[in-house]
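Overview (structure and organization)
Each chain, written out:
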Amino acid sequence: MKPSSRARRGAALLALSLVGAGVSVVTGPLAQAAPAAEKPRPGDVAAASAPLLDKPLRGRKALRGLGDRVAEAAARNDLTTSELRTLLREDDTVWVDQKGSVFFVDPAPAPQTGTPEPAVASAPLAETFALHSNPDSSLTILLDFDGAQVSGSPWNSSPYNVTPGAHPAWDPDGNGAAFSDAELRKVQQVWAAVAEDFAPFDVDVTTEDPGTAGLVRSSLADGEYGIRVLVTPSDDPFAKICGRQCGGVAYLDVFARVNSVAQPAWVFPQALGNDPKSVAEAVSHEAGHNLALDHDGTANSGYYLGHGLWAPIMGAGYNRPLSQWSAGSYTDADNQQDDLSILRSRLGSRADEAGDAVATSSPLPAGTAYIGTTDDVDSYLLGTCEQGALVDVQPPGAAPNVDVRLAVHDATGTRVSTHAPGSSMVNRTTAAGLGATIAVPAAGSGWVLTVEGVGQDTWATNGYDDYGSLGAYTVQVTGCDGAPDTGVPGAPGGLTTDGGAATTSLTLSWSAPADPGDGPVTGYVVGRLGTADIVTVGPEVRSHTFTGLEAGTTYDLSVRAVNAAGTGPAAWVSARTAEPGPPANDAVADAEVLVGDAGSVAGDNTRATGEATDPTPPSSYAAGGHSVWYAWTAPARGSVSMSTSGGDDNRDTTLGVYTGVPGALTEVAGNDDADSGGLHAAVTFDAVAGTRYLVAVDGFEELAGGRGPFTLGWSLTRTRTAPAAPHDVVAHAGDGAAVVSWGTPDDNGSPLTSYAVTLRADGQPDRTETVDASRTGTSVTGLANGTTYRVTVRATNDVGTSPESAAATVVPVAPVSPSPSPSPTPTETPTAGPTETPAPTAGPTMGPTAGPTAGPTVGPTVGPTAGPVIPSPGKPRPPKVRVRGKRVTLTWAVVPDAPVTSWVLDLAKGRDRKVKGKVSRAQLKLKPGRHKVRIGAVTAGGKVSWSRWVKVRVR
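Within each chain, residue numbers correspond to sequence positions counted from 1 in written order. For this predicted model, a pLDDT threshold of at least 70 governs which residues receive local features, and a threshold of 80 or more governs which side-chain atom pairs are given and counted, while totals over whole chains, interfaces and linings are taken from all residues. To obtain the side-chain values, all non-hydrogen atoms of the structure were used and water was disregarded.

1. Regarding the sheet that holds strand β4 (residues 94–96)
We apply this condition: In short, DSSP must find at least two bridges between two strands for them to pair. Secondary structure elements follow DSSP: runs of H or I of four or more residues count as helices, runs of E of two or more count as strands, with numbering from the N terminus. Two residues qualify as a contact provided that any one of their heavy atoms is within 4.5 Å of a heavy atom in the partner residue. A fitted line through C-alpha atoms serves as each axis, taken over the contacting stretch for helices, and the angle formed by two N-to-C directions is quoted from 0 to 180°.
Within the open sheet, the 8 strands sit side by side as β3-β4-β5-β11-β12-β10-β6-β9. Their pairing is mixed. Each of the sheet's edge strands pairs with one partner strand only, and the pair in question is β3 (57–58) and β9 (204–206). In the sheet, strand β10 (residues 225–231) pairs with strand β12 (residues 265–267) via 3 bridges, with the strands oriented parallel. Its bridge partner being in β12, L230 is matched across the sheet by W266. Across the face of the sheet, helix α6 (residues 235–242) comes into contact with β5 (102–107), β11 (246–251) and β12 while running at roughly 80° to β11.

Structure (C-alpha cells):
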C-alpha cells in the first residue's frame, strides 16, 4: 500500500508542484506560490531543517544512522523519542528520510485469485470526477485517479530522484487515456469504499480537485486544507521508490502541516492487480498514515490480515469484506493506538443528524444517515404503525463499515423488540447480515425506531466489537406514517432540578402540561436521554430522582405526559451533578504511603488543590495548584528512579521529591518533562536508608492535559555494602568448650558468605572459627576452663566484612566430682531392725567413694553432671518454602554442632509436626488458602527456640 500523487486524465493536466518549504498547485500554465508558514508545528520544521541522514534509512538501520539525533528526528515528526524508537525497532516498513521525516513503504499483497466481482457505480458515470462524501466540510481527502505532475517533492530528491513531470492516470483496462465505463465504475467503487471509511469524520472524500487553496495549508489560521492520494501506474516512482515491490507509500502525520512538501501519498494499482477492493484498502491505509496512524499487526506479523470477515484498515484488509478502524483489541495485537481518537483530533466529527434518545426522536431520514461514534444511537419517530409494519435498515452495498442493530419502542419509551442478525462472509468483498429488518409487534401510535452500530461475538471467537462499527445506512419503512400522535398531551412545564446538590444523584421536578390533549393525563414517562434509564410514574407524581450517576457529569433529563391517546412530546433539561472533592492525598499531611523497593500506584490530580506550604513545582512554565502527595521511606541506601506515566497523549505532569516538613521542604530532585521528550516527568536521586521522602505530582491549570489520571512508579537499586554486624550473640559454657549462637544481620544488598567467631581471653592468643553463612551457631572446643572469654561475631559478603558484634562472655567449666556421703552419728538407741540397702544413685559417680559408711545412709548419693550444660541452639532461620499444587516443601539449615534433638513444624492452620534434629526437609499437604508456618529447634532439655513466621499461599 502507498500514498499517491495525482494527475488529471482529461483536457488539461493539473500540476502538483512541491517546491522548497511550500506547495503550489496550478491549473494549466499559471502558478501561484503558497503563502509561507506563520507558525509551523515541531514536525513542520523538518522540510527546512538541516539533514539528519545522508540518505533515507529504514527500521533499525535508521536508528543506528540517527544515533544521538533520534530525539531531534522524533521532534520533527511530533513523536516522543520512545515512540520513534519503537516504530523503527518493530516495523521494517518505516523509513526516515534525510530531513528526519518518517514515511511508510507498504508491500504489495499477494495476487488475487478467481474472477473479480464486477464494479458497481454509486452515482451517474458522468459525475465520476466530481464525487463528494461531505461537500460542506473544509477538510479534504482527494483521491486522484486521472494523472498528475509531481515536482519539488521529497520523492524528486536523492536518492529516489523521481523524474519531475507528468504521471499517468489509472488505466485498469490498459487501453490508454480515455476512461471506459467499466473503468469509471472502478473509480467510483474505490471512492465509495474510502468515503465509507471516513464517513464518521468531518472530511470530504472527493474525486474533484479543490485546487491549491483547498489542499495546501498556508498558515495555522488556514482551516481549509487536505491531502492528495495519487493512484497512478507510473513505473518511474514505482521502480525508484521501492523497486516495484510496494503497493503504496505515505509520510506520517502530515495532514495539517503548514506548507507541507510531504505530498502526495502514492498508490500503485499495478501492484494491487488493478482490483478496486485492493486499491481502496491501500488508499485508506495510506491516508491513515498521513493522519498519524501506524500499522496494526501482531507479535509475528507487521500487518494483521484479519479473521472471519473482519480486518483492521491499518493492517491488510484485502481479503476481508468488513475492514474497520481499530484500537488494537483483537487477539495478539501489537498496536493499541486509538485510531478513532487520533482521526477525530485531526478531522473532527460529522454532525449527528438524529436524536440520541427515544424522547428526542427525529423524523425518518429521507436519504443516507450515519452512525458517527461508538456510543451514537439514532432515534426516529415511526408514528402510527400497522401490526407487522416492517423497518429495513441497510449499510451501503460497497464496502460497508457498520453492523447495525435495530430496536422498536412503544409510546412509553419501553423497548419491545430488537434485531441484529449474525453477520458472515460471502466473499472478500461482500458480507451478509450487516443490515437488519424488524417488525412492529402491534398496531398503535407513538412507535420509535433506534439504530446503533454493534459487534458480533468476541475477539477470542473471531468476532469484533462495536468500536469501528460506524458509517452510513439507509432506512426503509412500510406500514408506519412517521407522524407524531394527535390528541396527546403537550409537554410538561416548569422543569427544575437540584443539580449540584449531590455527586451521584439528580432530582427532576415538573408541572402538569398546559394542554392535556384529548383526555386527562394518566402518567408521566421520565428518562435520561441516550440511556435506557426510563421509568413511568403516576399522574399525581411531579418529581423523580435519578441515582447511580457520576460526579461532576452533565445529564439530559426528560419527562413526557401520557393520556389515553398516547405519549406527548418531551420536555427536557440539562443538569450537572456536584463536583467530587479533592483526592485523599491532596494535602502533604495526608500523603499516601508508598512501601518497598519498587512499585507503582494510580493517582489523579484532576481536582487536587494547592496549599500555602506547597513548594514551587520544578517547571519553567506556570505549573502548580494541583499537587497530590506521597511519602516513601527508603528501606536501604541506593539509587531511586521515580516517574509518572499514563493518561491521554497530551498528559503533562511535574514531579518533585523533598525532605523536611510542610513549610520547610528541601527539594531533592525535580523534573517537568522527561529526557525522552515526553510530557510526563522522571527523576533519579540517591536515597539514604531510613529517610522519609515526600513526593509531589503536580500539573498545569491552563493546559488540556495539565490535570488528570496518572501512574507514579518507583524503583530502588540498592547500594551493595559490607553486611551489618550480627546481633543477639549468646555463648553457653561447656567443659573446655563454648556453644555460640547469633542472629542473622542485614546483608546490605549482597548475600552473606561466612561468619567469623572470635574468642579472646587475657594472656591467650585469639581463637577465630570460620562458619558457613547457612549456620547461625557453632561449638568451639579446646578452651581453658575457668577462663573468661569475650565472644564476638563478624559477617562477610562479597563486598566486605562487617564490624564485630557486641561481645558476649563465657567461662568454660570442668565437671564437678560428687562429694562422699557423710557417716551418720550412731545413737544410743538401737535400731529396730537391720538397715536397708540404699537405692542406687541417679547417675554414675566419677570414682569410688571414700570408704564404707559407718552406719545407715541418710539417702541416695547425688551424682555430678556428665558433661557441659546443654545450651539453647539460638533462634533458627525461617524455613524456605516451595509450593506445588497443594504440596508444600519446607527446607531449613541444620547446624551440626548445635544441640538440637528435634524440630517442630508449627502450623497456624493445622496440626504440628515433629522431625529428628538431623532432618532439614519436610513435606506438607495443605488445603487451599493462606497459611503461616515456623520451625522450632528443641534441645535435650526440651527448650524450644522459634523462627519467625513464614506466609504460605496454596491455590
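2. Quick word on a positive patch on the surface
What counts is decided by this rule: Patches were defined on residues exceeding 30% relative accessible area and lacking a salt bridge, with like-charge contacts within 9 Å and nonpolar side-chain contacts (Val, Leu, Ile, Met, Phe, Trp, Tyr) within 5 Å. Working definition of accessibility: Shrake-Rupley area with a 1.4 Å probe, residue cover restricted to the visible protein chains. For salt bridges, the criterion is a side-chain nitrogen of Lys or Arg within 4 Å of an Asp or Glu carboxyl oxygen. When charges are tallied, Lys and Arg are placed among the positive residues and Asp and Glu among the negative ones, while His and the ends of the chain are skipped. All charge positions are set by atom: Lys at NZ, Arg at CZ, Asp at CG, Glu at CD.
A grouping of K55, R58, R60, K61, R64, R85 and R89 is seen on the molecular surface, where their side chains present a positively charged patch. Of all the elements in the fold, those that place two or more residues in the positive patch are α1 (59–66) and α3 (81–90). Take the positive patch: its biggest share by element is 3 residues, from α1. Tracing the backbone through its elements, the reader meets R85 in helix α3.

3. A short note on the packing of helix α4 (residues 181–197) against helix α7 (residues 276–290)
This is how the line gets drawn: Throughout this description, any angle smaller than 35 degrees is read as roughly parallel, any larger than 145 degrees as roughly antiparallel, any in the 65 to 115 degree range as roughly perpendicular, and the remainder as oblique. For a crossing to be left-handed, the near helix must be turned anticlockwise from the far one by less than a right angle; the clockwise case is right-handed. In this classification, the charged set is Asp, Glu, Lys and Arg, the nonpolar set is Ala, Val, Leu, Ile, Met, Phe, Trp, Tyr, Cys and Pro, and all remaining amino acids, among them Gly, are polar.
The interhelical angle for the contact between α4 and α7, taken along N-to-C directions, is 40°, at an axis separation of 9 Å. Our classification of the angle between α4 and α7 gives oblique. Between α4 and α7 lies a crossing of right-handed hand. Taken together, the residues of α7 that come into contact with α4 (itself represented by K186, Q189, V190, A193, V194 and D197) are P276, V279, A280, V283 and S284. Its residues assigned to classes, the contact of α4 with α7 shows 7 nonpolar, 2 polar and 2 charged.

4. Some details on α1
The following threshold applies: Each residue gets one of three labels from its accessible area relative to the maximum for its type: buried under 20%, exposed over 50%, partly exposed in between, using a 1.4 Å probe on protein chains only. Taken from the helix axis, the directions to the C-beta atoms give the arc we talk about.
Those residues of α1 not exposed but buried are G59, A62, L63 and L66. Buried residues of α1, seen end-on, are gathered within an arc of 105° and therefore sit on one face of the element. Facing away from the buried side of α1 by over 90 degrees, the exposed positions are K61 and R64. In the core, the buried residues of α1 are packed alongside β3, α2 (70–76), α3 and β4. Taken from the residues just after α1, G67 is the one with a positive phi, measuring 55°.

5. A few points about the layout of surface pockets
Definition in use: Cavity: a set of points on a 1 Å grid over the protein atoms alone where a 1.4 Å probe fits but cannot get out. Pocket: an open set with protein on both sides within 12 Å along at least five of seven lines, its lining residues, like those of a cavity, having an atom within 4 Å of a point. Grid points are joined across faces, edges and corners, and a volume is the space filled by probe spheres set on the points.
Within this model, the largest pocket holds a volume of roughly 1,800 Å³. Lining of the largest pocket is provided by 45 residues; of these, D78, L79, T80, E83 and D649 occupy positions nearest its centre. Counting residues per element, the ones that place at least two in the lining of the largest pocket are α2, α3 and α8 (339–347). A total of 6 residues in the lining of the largest pocket trace back to one element, the largest contributor, which is α3.

6. Brief notes about the sheet that holds strand β33 (residues 598–604)
Across a sheet, strands are paired by hydrogen bonds formed along the backbone, either parallel or antiparallel in direction. On the basis of which strands lie adjacent, the open sheet formed by 4 strands has the order β33-β40-β35-β38 and antiparallel pairing. For this open sheet the edge positions go to β33 and β38 (682–687), each flanked by a neighbour on one side alone. Across the sheet, the mean angle separating the axes of adjacent strands is 20° when strand polarity is ignored. In the sheet, β33 pairs with strand β40 (residues 709–718) via 7 bridges, with the strands oriented antiparallel. Residue pairing in the sheet places V601 in a bridge with L712 of β40.

7. Remarks on the pattern of salt bridges
Following the criterion strictly, the structure yields 18 salt bridges and no others. Note that R228 and D209 form a salt bridge whose closest N and O atoms lie 2.9 Å from each other. Here the residue R228 occupies a position in strand β10, and D209 occupies one in the loop between β9 and α5 (212–215), the gap between them amounting to 19 residues. Overall, the relative accessible area of 16% leaves D209 in the buried class.

8. Points about the nonpolar core
Short version of the rule: Here, nonpolar core means buried Ala, Val, Leu, Ile, Met, Phe, Trp, Tyr and Cys residues that are tied together by side-chain atoms lying within 4.5 Å of each other.
Membership of the largest hydrophobic core comes to 74 residues, with the highest contact counts inside it found for I141, F198 and L449. Beyond its immediate sequence surroundings of up to four residues, I141 is in contact with F198, V203, D204, V205, T206, I227, V229, F255 and L291. By size, the runner-up hydrophobic cluster in this structure holds 24 residues, among which are Y630, A634, A681 and W714.

9. Some words on the packing of α1 against α3
For the pair α1 and α3, the least separation of the axes is 6 Å and the interaxial angle reads 135°. By the angle class used here, α1 and α3 are oblique. Each of G59, R60, A62, L63 and L66 in α1 lies in contact with α3, whose residues at this interface are R85, L88 and R89.

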